[in-house]
Amino acid sequence: GKYVVATKEQEVSALNRLYEKALNNKISGIEWCEAEEIQDFVNVEKAFFSKDTGYIDVPIALKKIELILISQGVHILRDNYVDSISSEQDHFLVNSKNENIKTDRLFNCSGYESIRLRTYLGLTDFEDRFVKGSYLILKKKFFNKSLIYPVPEEGLIGLGVHTTIDSSGVIRFGPNTAETSNYDYLTEEDSLEKMWPAINALFKNIDKSELSLDYSGVRTKLVKDGAY
């Protein structure tokens, strides 16, 4: 599950709008909660709980998907950079480093390469932007029964600094968000200082000395007509 928390009165109206949006989108398992449930861990004015939110161990999940695909006769071509794609009548031709593929249907699920692959088919209505986020690891036990999220700030690229939990119960805080032109995973030394105000505003009983740099990730954002 996930708690979404307003820490002060000024955030309550935005929290209410988010709750109503969830209901309008037919999201199940959304309910207001009592502040007492989490007040020992966060500064809370008002909060709701999403009981169906979860998290996965990504490497294990990907391995499981791979085994299922192989068992169903799906070919997985590794290290196979796509050089070009063309559309010819009722099929596509995909030219790559190791294989040339003819297919009736083509699904573009290539992450940060998606925009490049679209352009081969004359699709130029989207641009991409790289957004980098870093995580901090907490060097002590903390509330890990559910995730805790802030109310997203207006115009924020991400969802705000929140808790993440790995399969062993370890807590991380993140990610921060910063546009970047480089697709690299270097964790900047000032990430802790940049995230600390958001962590300190939401969470209780966390000292800066109990946090350390962990890892960074890069995700792409679609841009159309100059807007996300």
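Residues numbered from 1 in each chain as written. Predicted model: local features only at pLDDT ≥ 70, side-chain atom pairs only at ≥ 80, totals over all residues. Heavy atoms only, no water.

Caption draft 1: Molecular detail of the side chain of Ser146. Secondary-structure assignment places Ser146 in the loop between strand 7 (127-138) and strand 8 (147-150). Those residues within four positions of Ser146 in sequence are excluded, and the remaining contacts are Gly1, Lys2, Tyr3, Phe49, Thr163 and Ile165. (Helix = DSSP H or I, 4+ residues; strand = E, 2+ residues; numbered from the N terminus. Contact = heavy atoms within 4.5 Å.)

Caption draft 2: Representation of the packing of aromatic side chains. Here the structure, examined in full by the defined rule, presents 15 aromatic pairs. Residues Trp32 and Phe48 carry aromatic rings whose centres are separated by 5.8 Å and whose planes lie at 85 degrees to one another, so their mutual orientation is edge-to-face. One end of the pair, Trp32, is in strand 2 (residues 30-32); the other, Phe48, is in strand 3 (residues 46-50), with 16 residues separating them in the sequence. Given the relative accessible area of 32%, Trp32 is considered partly exposed. Classification of Phe48 by relative accessible area gives buried; the value is 4%. Through pairs of rings, three or more aromatic residues link up here, namely Tyr3, Phe41, Phe49, Phe142, Phe143, Phe173 and Phe203. Seen from the ring of Tyr149, Lys2 lies directly overhead, with NZ or CZ sitting 4.1 Å from the centre. The aromatic ring of Trp32 is capped on one face by Lys46, whose charged end is 4.1 Å from the ring centroid. (Phe/Tyr/Trp six-rings, centres within 6.5 Å; stacked < 30°, edge-to-face > 60°. Buried < 20%, exposed > 50% of the residue type's maximum accessible area, 1.4 Å probe, protein only. Lys NZ or Arg CZ within 6 Å of the ring centre and 35° of its normal.)

Caption draft 3: Layout of helix 4 (residues 191-202). With twelve residues, helix 4 extends 17 Å between its outermost C-alpha atoms, agreeing within 8% with the 16 Å of an ideal straight helix rising 1.5 Å per residue. Ser191, Leu192, Met195, Trp196, Ile199 and Leu202 are the residues of helix 4 that are buried. Here the buried residues of helix 4 occupy an arc of 140 degrees about the axis, which is enough to place them on one side. For helix 4, the exposed residues lying more than 90 degrees away from the buried face are Lys194 and Pro197. Looking at the buried positions of helix 4, the neighbouring elements they touch are strand 1 (2-6), strand 7, strand 8, strand 10 (171-174) and strand 12 (211-223). (Expected span 1.5 Å × (residues − 1). Arc of directions from axis to C-beta.)

Caption draft 4: Structural context of the environment of Phe41. Along the chain, Phe41 falls in the loop between strand 2 and strand 3. As a C-alpha pair, Phe41 and Glu99 span 58 residues in sequence and 54 Å in three-dimensional space. For Phe41, the residues in contact, after removing those within four places along its chain, are Phe142, Phe143, Leu202, Phe203 and Lys204.

Caption draft 5: The arrangement of a nonpolar patch on the surface in detail. A cluster of nonpolar side chains, contributed by Ile56, Val58, Leu62, Ile65, Leu69, Ile70, Val74 and Ile76, occupies part of the molecular surface with about 690 Å² of accessible area. For Ile76, the location among the structural elements is in the loop between helix 2 (58-71) and strand 4 (82-88). (Patch = residues over 30% accessible without salt bridge, like charges linked within 9 Å, V, L, I, M, F, W, Y side chains within 5 Å. Areas by Shrake-Rupley, 256 points an atom, 1.4 Å probe, with all protein chains shown as cover. Salt bridge = Lys/Arg side-chain N within 4 Å of Asp/Glu carboxyl O.)

Caption draft 6: Layout of the nonpolar core. Counting residues in each nonpolar core, the largest one holds 36 residues, and the members touching the most others are Val5, Phe173, Ile199, Phe203, Ile206 and Leu211. Secondary structure elements with two or more residues in this core: strand 1, helix 1 (12-24), strand 3, strand 7, strand 8, strand 10 and helix 4. Ranked by residues supplied to this core, first place goes to helix 4 with five residues. (Core = buried A, V, L, I, M, F, W, Y, C linked by side-chain atoms within 4.5 Å.)

Caption draft 7: The pairing of strand 3, seen in detail. Most of strand 3 sits out of view: four of its five residues are buried. Across five bridges, strand 1 lies against strand 3 in antiparallel orientation. Pairing of Val5 across the sheet is with Ala47, part of strand 3. Of the strand pairs in this sheet, strand 2 and strand 3 are connected by three bridges, and their pairing is antiparallel. Directly across from Trp32, in strand 3, lies its bridge partner Phe48. (Pairing = 2+ DSSP bridges.)

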